[in-house]
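Fold and geometry: a report
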Amino acid sequence: SRLVTRSMQRAMPRPPICLLFVIGVVFPSPPCAMADSSVAAVQKVVQMLTNMQATAMKEKQAEEVAFAEFKTWCTNEQASLESAIKKETSETESLSAEVGKLGSDVKVLGQEIASLQQDVAKYSADLKAQKQQREKDHNAFLEEQKDYGESVDALERAIAILQKQNYDRTALLQLAESQQLPANAQQMVSAFLGML
């Protein structure tokens, strides 16, 4: 029977303290020595309930304070985050606009660079052609200078020979006026005749 009673006690839940209080008040113990112990027990239960109420009130107040702090923090954090989101959104839009502008600038500058590269290629080809032409002109000038130098040298030798010999000067005058001689040679002959 003890095993049955223990198993029943385990199966049945314990009644709350308030229920025990009510049972003690409604069904009082016999009025003998138990009366003192029941009064002490009731006072003890009342004291426990009072302590529990005070503890519950303190915990409630602490929780209200914590909740108020948390709510204030949430409100402040929400305002801060909304402000940050607005600022970042504005900055994102500004940067997107700048990226768009820079993208169009890149296209324009890319076209300008391509145009300048074409100009550089054209000017390089022109420079190469001009260098080749100048080289040809320089070589032609050197050949002409050499030819004139030989002509002048020949005339100087002819003048020296003519000065040593005393010939008719009319042939030299005709030679100076001849259109067959180059202009420089005509000037040399005229200068020679002026010296005679």
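Residues numbered from 1 in each chain as written. Predicted model: local features only at pLDDT ≥ 70, side-chain atom pairs only at ≥ 80, totals over all residues. Heavy atoms only, no water.

**Things to note about the overall build of the protein**
From N to C terminus, the protein includes 5 helices and 0 strands. For the protein, the sequential pattern of α-helices and β-strands runs α-α-α-α-α. Looking at the protein residue by residue over its 196 residues, the buried ones come to 6%. Taking the contacts inside the protein whose residues are at least 6 apart along the sequence as the reference set, 57% of them involve residues at least 24 apart. If you sum the accessible surface of the protein, you get close to 17,100 Å²; carbon and sulfur atoms cover 60% of it. (Helix = DSSP H or I, 4+ residues; strand = E, 2+ residues; numbered from the N terminus. Buried < 20%, exposed > 50% of the residue type's maximum accessible area, 1.4 Å probe, protein only. Contact = heavy atoms within 4.5 Å. Areas by Shrake-Rupley, 256 points an atom, 1.4 Å probe, with all protein chains shown as cover.)

**Here we look at the packing of aromatic side chains**
Taken as a whole and assessed by the stated rule, the structure comprises 1 aromatic pair. With a centroid separation of 6.1 Å and an interplanar angle of 25 degrees, the aromatic rings of F70 and W73 are classed as stacked. Taken as a pair, F70 and W73 lie in helix 3 (residues 33-164) at a separation of 3 residues, close to a single helical turn. (Phe/Tyr/Trp six-rings, centres within 6.5 Å; stacked < 30°, edge-to-face > 60°.)

**So, the confidence of the model for the protein**
In this model, the protein carries a mean pLDDT of 78, and residues with pLDDT of at least 70 account for 70%. Counted against residues more than four places away or in other chains, residues 1-16, with its pLDDT under 50, gives 1 contact. (pLDDT = per-residue confidence, 0-100.)

**Comments concerning the pattern of salt bridges**
Side chains that differ in charge, positive against negative, can pair when their charged atoms come close. Following the criterion strictly, the structure yields 3 salt bridges and no others. One salt bridge in this structure joins E64 and K60, with 3.9 Å as the shortest N-O distance. Taken together, the positions of E64 and K60, both in helix 3 and 4 residues apart, correspond to about one turn of that helix. Take E64: its relative accessible area is 45%, and that puts it in the partly exposed class. (Salt bridge = Lys/Arg side-chain N within 4 Å of Asp/Glu carboxyl O.)

**Here we look at a nonpolar patch on the surface**
Taken together, the side chains of F67, F70 and W73 define a hydrophobic patch exposed on the protein surface, amounting to about 390 Å² of accessible area. Within the secondary structure layout, F67 lies in helix 3. (Patch = residues over 30% accessible without salt bridge, like charges linked within 9 Å, V, L, I, M, F, W, Y side chains within 5 Å.)

**Comments concerning a negative patch on the surface**
Side chains of E143, E144, D147 and E150 sit close together on the surface and give a patch of like negative charge. Judged by relative accessible area, D147 falls into the partly exposed class, the value being 42%. (Lys, Arg positive; Asp, Glu negative; His and termini not counted. Charge placed at Lys NZ, Arg CZ, Asp CG, Glu CD.)

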